[in-house]
Amino acid sequence: MTCGPTDTPTDVDIPTLREKYRIEREKRLRKEGSRQYVETEHEFAGFAEIDPHTAYVERDPLDTDIDVAVLGGGFAGLLCGAALKKAGVEDVHIIEQGGDFGGVWYWNRYPGIQCDNESYCYIPLLEELSFIPSKKFADGAEIYQHCRNIGKHFGLYDGAVFSTQVRELNWDDDIARWRISTNRGDDIRARFVVLGSGSFNRPKLPGIPGIKDFGGHLFHSSRWDYDYTGGDATGGLDKLADKKVALIGTGATGVQLVPFLGRDAQHLYVFQRTPSTVDERNNTPTDPSWVKTLRPGWQKERQRNFHAWTFEGMALGQPDYVCDFWTELGRNTAARVLALEDPASMTPEQFMGLREEEDYKLMERLRRRIDGLVDDPETAEALKPFYRFLCKRPCSNDDYLSTFNRPNVTLVDVSDAKGVEKITVNGIVAGGTEYEVDCIIFASGFEITTEISRRYAIDAITGRDGLSLYDHWAEGYKTLHGLTSRGFPNQFFTGFTQVGISANIAANYELQGEHIAYVIAEALKRGATTVEPTQDAQDAWCATIRENLIDNSAFDSECTPGYYNNEGGGSGAESEGIRSHLGEPYGPGFYAFGDLLAGWRDQGDLDGLELGT
Ligand code: NDP
């Protein structure tokens with residue numbers, strides 16, 4: 001399918017809206033920035049350490065030497081594991097906190113869970129596993145199963161260590177290995193370690209005074225308690241029929257949850273600080289006749305097309321394959337560009353100006369849509385998002401907005417107080433009113449843009465000479481290609497460090513996994529016991545990154561706070577500054593980065609890496 005521009009209102013008053021956006025941002029900005037959230041450790045550890053899906057089984061501690069430990073069994077770990085196997089590295093052990101592979105798709109099994117990006121782009125290795133998702137936005141269970149299938153396909157279950165949390169990672173120079181200690185008392189000595197824990201691995205809680213005082217039931221959305229709610233991921237939460245439920249959080253998770261909670265709870269209170277953008281879903285079943293037209297290489301081509309229409313702004317001359325709310329801004333901007341007399345003479349500033357106008361119009365379309373779906377004007381107004389598109393992750397859902405028409409559902413706007421004020425033994429206080437509830441569900445997100453010590457959730461990562469990675473990177477990443485760092489031999493990073501970034505998360509991990517696997521396989525082939533970047537190579541890469549940095553800070557600093565911009569950076573003395581959840585991206589982009597790495601591999605001399613024996 002391809003499509004043209006989407007109709008948007010033309011009567012938008014941009015200066016007035018710009019001021020409104022500023023006011024809405026200021027209203028929510030908190031001086032503590034990301035420190036408003038508490039980590040799920042110590043007294044709050046139970047929120048994250050509980051595994052509702054796999055029973056705890058005692059086992060003897062492991063005392064073993066291995067070639068490669070991959071920490072994390074979600075997309076990042078699986079794709080790196082698969083690449084290692086393909087590169088001929090056999091002794092690969094994925095260590096995973098959950099009881100199986102899947103990562104976010106293992107943990108998040110809340111009612112209504114589906115992916116929000118088109119499945120055909122989002123779900124990795126579709127061609128290699130000859131799998132086609134059943135619909136545009138696949139159910140969580142289908143994605144989880146696919147993750148397990150990747151594990152089976154590449155033999156990654158052999159040697160996998162599940163239900164195990166890594167506590168410390170210390171480089172032992174005497175044996176030239178990483179010593180991995182875990183909550184199971186293991187001493188795993190790995191020649192190579194890949195950090196593949198992904199971006200959404202660690203739940204966080206809002207630091208609302210009184211959480212510990214609440215007398216009812218509490219859990220985080222990523223550890224759904226079906227024993228308490230009844231039902232399963234398809235709904236039927238029958239045990240909530242006599243329960244008053246509070247939901248804190250209206251991000252991508254909250255939006256998926258609300259229709260199910262609204263349907264089944266005796267009463268649902270939705271505590272909203274910032275509304276999400278919620279467009280129509282159009283979740284169509286996969287058309288078998290379309291599948292027959294697909295030719296080898298189709299998924300990578302589709303991912304590239306999606307990337308071009310989103311991250312690159314637009315893709316003139318190319319059809320828009322995905323054709324939904326994610327690509328709308330690109331499509332609408334492209335239509336404006338093509339209507340110019342001489343599109344080729346357009347300056348980057350003119351392009352950004354057109355895109356900004358289209359952004360205001362798109363957001364106005366989404367706001368006006370709410371008036372048509374929500375009966376109560378005050379509720380409709382509170383549900384309207386006033387910020388630029390992509391300040392927050394865009395959502396789509398056909399039942400979310402209309403759920404607020406139900407008599408048993410109440411929207412509580414907590415934006416004026418910058419969030420829920422207090423939790424008491426009986427419930428939640430907001431706007432001076434106490435809402436008595438039986439249960440509080442935190443759809444409050446994950447450690448995504450917080451400090452790396454919070455994100456990695458490993459007490460210590462210590463390289464050569466006792467150097468802590470957390471200290472080493474305190475002022476910014478120091479890497480070669482975003483994947484290795486001097487002083488941390490044989491350690492590899494995945495995710496958003498100093499890499500080229502694709503709009504498709506799986507494409508990022510696939511590329512990174514392929515490169516890491518190549519380096520490890522080469523090191524093993526060459527009989528090296530250590531591999532790490534030279535100081536010069538690392539300095540040169542850091543300089544390349546900083547010279548070519550795509551500076552989004554102006555855009556980010558005008559956005560409402562959230563994890564995309566490190567909660568707006570905070571304000572005053574406690575400010576941490578704006579930080580993008582994408583790390584420090586390689587300016588020329590994802591595909592240029594891929595070409596650069598491929599060229600580097602083709603050279604065959606491991607340029608910039610120091611091998612030790
Ligand atoms: P988010 O971080 O996006 O949302 C957290 C929510 O909690 C926000 O609405 C936030 O409000 C709210 N919140 C935090 N503190 C308070 C407070 N003190 N009082 C009231 N509200 C508060 O988490 P999600 O789990 O929704 O999503 C995280 C990411 O995970 C997504 O952006 C997406 O990338 C991924 N995801 C993907 C899904 C998919 O593909 N289907 C589904 C779910 C998640 P505010 O916005 O004001 O900060």
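All residue numbers refer to positions counted from 1 along the written sequence of the respective chain. Side-chain atom pairs in this predicted model are given and counted only at pLDDT of 80 or more, local residue features only at pLDDT of at least 70, and totals for whole chains, interfaces and linings cover all residues. Calculation of side-chain values draws on the structure's entire complement of heavy atoms; hydrogens and water are dropped beforehand.

Caption draft 1: The arrangement of the pairing of strand β3 (residues 92-95) in detail. Remark: exposure states derive from per-residue accessible area (1.4 Å probe, protein chains only) relative to the maximum for the residue type, with buried under 20%, exposed over 50%, and partly exposed in between. Only DSSP runs of H or I covering at least 4 residues are called helices, and only runs of E covering at least 2 are called strands; the numbering of each starts at the N terminus. Burial of β3 is two-sided: the residues Val92 and Ile94 facing one way and the residues His93 and Ile95 facing the other way are all buried. Strand pairing is assigned whenever DSSP detects at least two bridges linking the two strands. Pairing of strand β2 (residues 63-71) with β3 involves 4 bridges; the strand directions are parallel. What sits directly across from valine 68, in β3, is valine 92. Remark: the β2/helix α3 (residues 75-86)/β3 crossover connection has right-handed handedness. With the strands pointing away from the viewer, any crossover whose connection runs clockwise from the first strand over the helix to the second is right-handed.

Caption draft 2: Seen up close, helix α20 (residues 590-603). Under the convention used throughout, the expected extent of a helix is 1.5 Å for every residue step, that is, one less than its residue count. End to end, α20 covers 20 Å across 14 residues, agreeing with the expected 20 Å (1.5 Å per residue, within 8%). Among the residues making up α20, those that are buried are Phe590, Tyr591, Phe593, Gly594, Leu597, Trp600 and Arg601. Whether two residues are in contact is decided by their heavy atoms: any pair within 4.5 Å suffices. Buried residues in α20 make contact with α10 (298-310), α17 (505-525), α18 (535-547) and β21 (609-612). Two residues or fewer after α20 comes glycine 604, characterised by a positive phi angle close to 75 degrees.

Caption draft 3: Highlighting the pattern of salt bridges. For salt bridges, the criterion is a side-chain nitrogen of Lys or Arg within 4 Å of an Asp or Glu carboxyl oxygen. Scanning all chains against the criterion turns up 50 salt bridges. Between aspartate 187 and arginine 179 there is a salt bridge whose closest N-O contact spans 2.9 Å. For aspartate 187, the salt bridge identified is with arginine 189, shortest N-O distance 3.0 Å. Judged by relative accessible area, which is 12%, arginine 189 ranks as buried. Counted as one network, the salt bridges with shared partners bring together Asp63, Asp65, Asp172, Arg177, Arg179, Asp187 and Arg189.

Caption draft 4: Structural view of empty space enclosed by the protein. Cavities and pockets were defined on a 1 Å grid built over protein atoms only: a cavity is a set of grid points that admits a 1.4 Å probe from which the probe cannot escape, a pocket is an open set flanked by protein on both sides within 12 Å along at least five of seven lines, and lining residues are those with an atom within 4 Å of any such point. Grid points are joined across faces, edges and corners, and a volume is the space filled by probe spheres set on the points. Counting across every chain of the model gives 3 cavities of 30 Å³ or more. Around the largest cavity sit Leu480, His481, Leu483, Thr484, Phe492, His515, Ile516, Val519, Trp600 and Leu609, which together line it. Looking at the lining of the largest cavity, the element that brings in the most residues is α17, giving 3 residues.

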